[in-house]
There are 2 protein chains.
Amino acid sequence: MNIILLSGGSGKRLWPLSNDVRSKQFIKIFKTGEGVYSSMVQRVYQQIRSVDKDAVITIATAKSQVSSICNQLGSQVNICVEPLRKDTFPAIALACAYLHDVQGVPKEETVVVCPVDPFVETGYFEALKHLDALAESGTANLALMGIEPTYPSEKYGYILPENQETISRVKTFKEKPDKDLARDYIRQGALWNGGVFAFRLNYLLEKVHEQTGFADYAALLKNYASLPKISFDYAVAEKEERISVMRFCGPWKDLGTWNTLTEVMTEQVVGKGILNETCKNVHILNELDVPVLCMGLNNVVVSASPEGILVSDKEQSSYIKPFVDQFCQQIRFAEKSWGSFRVMDAGETSLTIKVTLNPGHRMNYHSHERRDEVWTIILGEGRAIIDGVWQDVFPGCVITVPAGCCHALLARTELQAIEVQTGKDIRIDDKKKYPFP
Amino acid sequence: MNIILLSGGSGKRLWPLSNDVRSKQFIKIFKTGEGVYSSMVQRVYQQIRSVDKDAVITIATAKSQVSSICNQLGSQVNICVEPLRKDTFPAIALACAYLHDVQGVPKEETVVVCPVDPFVETGYFEALKHLDALAESGTANLALMGIEPTYPSEKYGYILPENQETISRVKTFKEKPDKDLARDYIRQGALWNGGVFAFRLNYLLEKVHEQTGFADYAALLKNYASLPKISFDYAVAEKEERISVMRFCGPWKDLGTWNTLTEVMTEQVVGKGILNETCKNVHILNELDVPVLCMGLNNVVVSASPEGILVSDKEQSSYIKPFVDQFCQQIRFAEKSWGSFRVMDAGETSLTIKVTLNPGHRMNYHSHERRDEVWTIILGEGRAIIDGVWQDVFPGCVITVPAGCCHALLARTELQAIEVQTGKDIRIDDKKKYPFP
């Protein structure tokens, strides 16, 4: 199976665990062992591998997510990077061209496109194999998955099938309705549109050529800014006549809010936290290294990270976005391909950061124009390079990096350093990268 | 007026803003200007000065509170330090001997003893002057303040006066009752015992001599460990026959729990925080530099500090102690006489701290046996001394301090440094102090 996972989304709704560089799919909430948690991306990737160990998995995403994906899935994963954010049609177009031109997938092969973050069981991915076979069979140009609604949701688009069979032609699509209309659709046998499609690669590449004029990956990439900002539903699905929908009635959840996310948590407390005996339906997600104590609360989620602290009634948590928009502080935590960093103190003319490099990884060789930096190694072993000169580093080592000086750290074991930046104009974009000498 | 303020208490009930080295009286919650807050100690000290600018104020306390007191009240304040924690009788005995032997207060003068942390208006301190005058008048050996109860509290001891006059002889004392008994006492005209006493210095010093065999400050200090652990009520008040009580009916509150503390807060949010429009009777006290967002909460207090995060129903917050007892992490924030420190990261073999020195202050000249330290100056100007050698410091300066090396920082302006400690056995008690060379 060739599968394209669409990894999009901004991080407002699950603040403070998500932020502009960490979307919800990267939050580690699923317990996989003692003190070990995995994210939605990791869970989905694992689930696909468990139903099809040879699946060719490609993640279509923006540049801002590449570090997190490499950090969580390893650098071997195929990533098709959008130069900028458009909508699902350009993203799928680019990913399909990438599959053919870069990965060498023949045009006759089928492709399944699916969001990266559904909360599902492996049965869902078994169903994707059936959907793939449906596209393969040639009885339709486009095969969709329709999810049996469990309530009259206003959050999803609906697909009206012609009949109630497992596989049916699509009669029509309906936009997100209000509750009454949703009830009406459901009475008519409508299904939720979960954004899952299967088709032959050449089918889609022809559509792309028709609509954009571009036929290959290089051209699409180069001209990406000029592509229309349009969804796959509008650009392709709603115009297609030979289109079928396959009914899926297993568990499926979209974990977009704290309310839905906490419903699927297997533990009430992730991280350091205590709920007293009078707490009911309370969840703690704490990424700080100090404890959270909850007493006498009902239906509340408490979430703490280096970005801030949310304490919300679960129902209310879906209205979080405008409040988070007010916070304009810099990012305090980010996963990088080489590890992670955490801002510990931000002054007007200084910034103190804890840098963690994963074993065998290295940061880019880079310099800053307007700040000096000091590294003090606190854990592990590795090497530092300063203006072309290598040195071994270990706990207690101090490395001073004046402005203009090229520098990088390499980790032999896990390596942690406290980085103190000083300067009058400390900015994240004051960074020049160089090849390692 | 000679006044002894008893400053005791541990920090469990107002966790995480209080801890083992910061009792509740040092938490800054009373707004005194734009972004400026004062603590209960500062408020009481100010109130006393406003009713009696010449008052001789002495704070009787434990060693662990001296730094906070000096930090908040300045180093000019008189402090009588107990060598170890006993009960109110030994503490008052030592403080009275200190007043006479160290401060030179004549034995014929009167003294008022009062807790350091009542939440009151200045009328309370005017009343103390009347109490002082009552002791001065000689109509009784001991004058107490009795507070008009506003509800049948189980938290306070009660004083039963002989009559309902403003000043009356004391009939008897009653221990903390249950609610029914409290109602019964109140029907009999009982008053709360707020722990306020006035007497002539020689009266108390004689009692001390009788009960301990010691007559002066030096002897009491030297033999403090052998003094009985007994309250002033048991040791003196309940045995005294010539004892009067003065009725006080102004506002008086004991801010011992989050519930009572938040009742007197003039603002709902102290620190960075947002309450959405569906929050009712919610208070945020946030000492972190990231925001707290509360949504859809009722009767909840959220308190965040470098020690941890409390989210509690206000009623429930009074049951906090056993939960806080479970947390056995090291102190994360402390005020020192010279400024403050905050732990930012604690590893097994490293500790990263932000050190802030107030202008004109300096830390002790000291060394550590089992850890190396690195200071990176991030703000301000001052000097460092390392093994007897002075150097100027400013932002960006790095000072390495190997184990065994004597070191200190002096602040000309406010001075901030990031201190990274590395070593296999980092302990707070690994510290030797030396005189400055």
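Use the structure listed above.
The notes below deal with the structure included here. Everything quoted here is computed from the prediction, not taken from an experiment. (Residues numbered from 1 in each chain as written. Chains lettered and ligands numbered in written order. Predicted model: local features only at pLDDT ≥ 70, side-chain atom pairs only at ≥ 80, totals over all residues. Heavy atoms only, no water.)

1. Let's talk about the pattern of salt bridges
Residue and element names in this part refer to chain B. Selection rule: For this document, the term salt bridge refers to a Lys or Arg side-chain nitrogen within 4 Å of an Asp or Glu carboxyl oxygen. Buried residues are those whose accessible area, probed at 1.4 Å on protein chains only, stays under 20% of the maximum for their type, while exposed residues exceed 50% and partly exposed ones sit between those limits.
Summed over all chains, the structure comprises 44 salt bridges over all chains. In this structure, the salt-bridge partner of arginine 370 is glutamate 369, at a minimum N-O distance of 3.9 Å. On the accessibility criterion, arginine 370 (34% relative accessible area) is partly exposed. For glutamate 369, a relative accessible area of 53% puts it in the exposed group. Aspartate 425 is the partner of arginine 370 in a salt bridge, and the nearest nitrogen-oxygen pair spans 3.0 Å.

2. Here we look at the interface of chain A and chain B
Our working rule: Here, residues are in contact when the closest pair of their heavy atoms is within 4.5 Å. Take the accessible area each of two parts loses on contact, using a 1.4 Å probe, and add the two losses: that sum is the buried area. A 3.5 Å cut-off defines polar contacts: any pair of N or O atoms within that distance qualifies, except that in protein one atom must be a possible hydrogen donor and the other a possible acceptor, and neighbouring residues in sequence count only when both atoms are side-chain atoms. The secondary structure listing takes helices from DSSP runs of H or I that are at least 4 residues long and strands from runs of E that are at least 2 residues long, numbered from the N terminus. Amino acids outside the nonpolar list (Ala, Val, Leu, Ile, Met, Phe, Trp, Tyr, Cys, Pro) and the charged list (Asp, Glu, Lys, Arg) are all regarded as polar, and Gly is one of them. Paired strands are those between which DSSP finds at least two bridges.
Between chain A and chain B, the residue contacts involve 53 residues of the former and 52 residues of the latter. Looking at the side of chain A facing chain B, the largest losses of area belong to Leu293(A), Met295(A) and Ile309(A), adding up to 16% of the total buried there. Seen at the junction of chain A and chain B, the total is four salt bridges. A salt bridge links Arg332(A) to Asp289(B), with the shortest nitrogen-to-oxygen separation between them at 3.7 Å. Run the count over chain A and chain B and you get 16 residue pairs in polar contact (both at pLDDT 80 or more). In terms of residue count, strand β19 (residues 308-313) of chain A provides more of the side of chain A that touches chain B than any other element does, six residues in total. Tallied by class, the residues present in the side of chain A that touches chain B amount to 31 nonpolar, 15 polar and seven charged. By the bridge criterion, four bridges tie β19(A) to strand β17 (residues 292-295) of chain B in an arrangement that is parallel. Each bridged residue has a counterpart across the sheet, and for Val311(A) the counterpart in β17(B) is Cys294(B).

3. Section: the sheet that holds strand β14 (residues 269-270) of chain B
Reading across the sheet, the six strands line up as β15(A)-β17(A)-β19(B)-β18(B)-β16(B)-β14(B) and stay open at both edges, with mixed pairing between neighbours. Only two strands of the sheet have a single neighbouring strand rather than two, namely β15 (273-275) of chain A together with β14 of chain B. Taken together, the two bridges between β14(B) and strand β16 (residues 283-286) of chain B define a ladder with parallel strand orientation. When the sheet's bridge partners are listed, Val269(B) is paired in β16(B) with Ile284(B).

4. Regarding the sheet that holds β17(B)
The strands making up a sheet associate through hydrogen bonds between their backbones, and the pairing can be parallel or antiparallel. Strands sit in the order β14(A)-β16(A)-β18(A)-β19(A)-β17(B)-β15(B) across an open sheet of six strands; the sheet is mixed. Whereas interior strands pair on both sides, the edge strands pair on one side only; in this sheet they are β14 (269-270) of chain A together with β15 (273-275) of chain B.

5. Thoughts on the pairing of strand β9 (residues 158-161) of chain B
Successive side chains on a regular strand alternate, one facing one side of the sheet and the next facing the other. All names here are of chain B. Every second residue of β9 is oriented toward a common face, with Tyr158 and Leu160 on one face and Ile159 and Pro161 on the other, all of them buried. Of the strand pairs in this sheet, β9 and strand β10 (residues 167-174) are connected by four bridges, and their pairing is antiparallel. Paired with tyrosine 158 across the bridge in β10 is lysine 174. Here β9 folds back onto β10, and the loop between the two strands holds five residues. Pairing geometry for β9 and strand β11 (residues 191-200), over two bridges, is antiparallel. Counted as the bridge partner of isoleucine 159 is leucine 191 from β11.

6. Examining the relation of the copies chain A and chain B
To go from the first copy of the chain to the second, apply a rotation about an axis and then a shift along the same axis. We count it as follows: Superposition of the copies used a least-squares fit over C-alpha atoms from residues whose pLDDT is at least 70 in both.
Rotating chain A by 179 degrees and translating it 0.0 Å along the rotation axis places it on chain B, where the RMSD comes to 0.1 Å. Such a combination of turn and shift is consistent with a two-fold rotation axis. The rotation axis passes nearest to the C-alpha of Met344(A) in chain A, at a distance of 3.2 Å.

7. A few points about the side chain of Arg43(B)
Take Arg43(B): it is sitting in helix α1 (residues 40-51). For Arg43(B), a relative accessible area of 19% gives the class buried.

8. A short note on unusual backbone geometry
Of note, the bond from Trp15(A) into Pro16(A) is cis; its omega dihedral lies within 30 degrees of zero at 5 degrees. Inspection of the secondary structure puts Pro16(A) in the loop between β1 (2-7) and β2 (28-33). Within the chain, Asn281(A) stands out as a residue other than glycine whose phi angle is a positive 55 degrees. With phi around 45 degrees, Asp387(B) is a residue other than glycine that occupies positive phi space. The topology assignment puts Asp387(B) in the loop between β25 (382-386) and β26 (389-393).

9. Comments concerning the packing of aromatic side chains
Residues and elements named next belong to chain A. Worth spelling out the cut-off: Put simply, two rings from Phe, Tyr or Trp (the six-membered ring, in Trp's case) pair if the centres are within 6.5 Å, and we call them stacked under 30 degrees between planes, edge-to-face over 60, tilted for the rest.
Counted by the stated rule, this structure contains 30 aromatic pairs over all chains. Centroid distance tyrosine 158 to tyrosine 185: 5.5 Å. Interplanar angle 55 degrees. Geometry classified as tilted. Here tyrosine 158, found in strand β9 (residues 158-161), pairs with tyrosine 185, found in helix α5 (residues 179-187); they are 27 residues apart in sequence, far enough to count as distant. Across the pair, exposure class does not vary: tyrosine 158 and tyrosine 185 are buried alike.

10. Regarding the packing of helix α3 (residues 88-101) of chain B against helix α6 (residues 201-212) of chain B
Residues and elements named next belong to chain B. As a reminder of what qualifies: An axis is simply a line fitted to the C-alpha atoms; with a helix, the fit covers only the stretch in contact. Between two such axes, the angle follows the N-to-C directions and lies from 0 to 180 degrees. When an angle is under 35 degrees it counts as roughly parallel; over 145 it counts as roughly antiparallel; between 65 and 115 it counts as roughly perpendicular; any other value is oblique. Note on convention: the crossing is left-handed when the near helix lies turned anticlockwise from the far helix by less than a right angle, right-handed when the turn is clockwise.
Close contact between α3 and α6 brings their axes to 10 Å; oriented N to C, the two are set at 125 degrees. One element, α3, and the other, α6, form an angle in the oblique class. Every pair of crossing elements has a handedness; the one defined by α3 and α6 is left-handed. Every residue of α6 that contacts α3 at Phe89, Ile92, Ala93, Cys96, Ala97, Leu99 and His100 is listed here: Leu201, Leu204, Leu205, Lys207, Val208, Gln211 and Thr212.

11. Regarding the packing of helix α1 (residues 40-51) of chain A against helix α4 (residues 122-137) of chain A
The geometry of a pair of packed helices is captured by two quantities: the angle between their axes and the separation between those axes. All names here are of chain A. Relative to each other, α1 and α4 sit at 55 degrees, their axes nearing to 9 Å. The orientation of α1 relative to α4 falls into the category oblique. In this structure, α1 meets α4 at a crossing whose hand is right-handed. Here α1 contributes Val44, Gln47, Ile48, Ser50 and Val51 to the contact with α4, which in turn contributes Thr122, Phe125, Glu126 and Lys129.

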